[in-house]
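# Remarks on the overall topology
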Amino acid sequence: MMDMDDKPKPSQPHWYERYVQPCVAELLGSALFIFIGCLSSVEDAEGTGRLQPALVHGLALGSAVAILADV
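In this report, we go over the structure that sits alongside the text. Keep in mind that this is a model prediction, so the values were computed, not measured.

A tally of helices and strands in the protein chain yields two helices and zero strands. Looking at the protein chain residue by residue over its 71 residues, the buried ones come to 11%. For the protein chain, the accessible area works out to roughly 6,400 Å², and carbon and sulfur atoms hold 65% of it.

See below:
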């Protein structure tokens, strides 16, 4: 007979979810941020000045956080 005080233990996350997945998410987010941000400053368009790289870095960071926030 099962006692009412016995509660099932919460399951531990798999080692992949605990160690590998956060590292891959960090690598992907950093690569997206750096690659897209640096790519925006390579183009030498007239009249963009400092605004274009700043906007692209902000949008890259916002999209990386939105995509990878659950990890």
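Next comes the rest of the write-up.
Looking now at a nonpolar patch on the surface. A contiguous nonpolar patch, built from Trp15, Tyr16 and Tyr19 and spanning about 390 Å² of accessible area, is present on the exposed surface. Here Tyr19 is to be found in helix α1 (residues 15-42).

Each aromatic ring pair is summarised here by two numbers: the centre-to-centre distance and the angle between the ring planes. Using the criterion set out here, one finds one aromatic pair in the structure. Each ring, one from Trp15 and one from Tyr16, has its centre 6.4 Å from the other, and the planes form 85°; the classification is edge-to-face. With a relative accessible area of 51%, Trp15 lands in the exposed category. The class for Tyr16 is partly exposed, based on a relative accessible area of 39%.

All right, on to α1 then. If you check α1, its first and last C-alpha atoms are 40 Å apart, about what 28 residues at 1.5 Å a residue would give, namely 40 Å. The principal kink in α1, of about 35°, is found at Gln21, preceding the proline Pro22 by one to four residues. Along α1, the residues classified as buried are Ala25, Gly29, Gly37 and Ser40.

Here the focus is the packing of α1 against helix α2 (residues 51-68). Interhelical geometry of α1 versus α2 gives an angle of 160° and a closest axis separation of 8 Å. Judged by the angle between their axes, α1 and α2 are roughly antiparallel. Handedness of the crossing formed by α1 with α2: right-handed. Facing α1, whose interface residues are Ala25, Leu28, Gly29, Leu32, Phe33, Ile36, Gly37, Cys38, Ser40 and Ser41, α2 presents Gln52, Pro53, Val56, His57, Ala60, Leu61, Ser63, Ala64 and Leu68. Residue classes in the contact of α1 with α2 are distributed as twelve nonpolar, seven polar and no charged.

The rules behind the values
- Residues numbered from 1 in each chain as written.
- Predicted model: local features only at pLDDT ≥ 70, side-chain atom pairs only at ≥ 80, totals over all residues.
- Heavy atoms only, no water.
- Helix = DSSP H or I, 4+ residues; strand = E, 2+ residues; numbered from the N terminus.
- Buried < 20%, exposed > 50% of the residue type's maximum accessible area, 1.4 Å probe, protein only.
- Areas by Shrake-Rupley, 256 points an atom, 1.4 Å probe, with all protein chains shown as cover.
- Patch = residues over 30% accessible without salt bridge, like charges linked within 9 Å, V, L, I, M, F, W, Y side chains within 5 Å.
- Salt bridge = Lys/Arg side-chain N within 4 Å of Asp/Glu carboxyl O.
- Phe/Tyr/Trp six-rings, centres within 6.5 Å; stacked < 30°, edge-to-face > 60°.
- Expected span 1.5 Å × (residues − 1).
- Bend = angle between axes of the 7 residues up to and from the residue.
- Axes fitted to C-alpha atoms, helices over the stretch in contact; angles between N-to-C directions.
- Parallel < 35°, antiparallel > 145°, perpendicular 65-115°, else oblique.
- Left-handed = near helix turned anticlockwise from the far one by under 90°.
- Contact = heavy atoms within 4.5 Å.
- Nonpolar A, V, L, I, M, F, W, Y, C, P; charged D, E, K, R; others polar.

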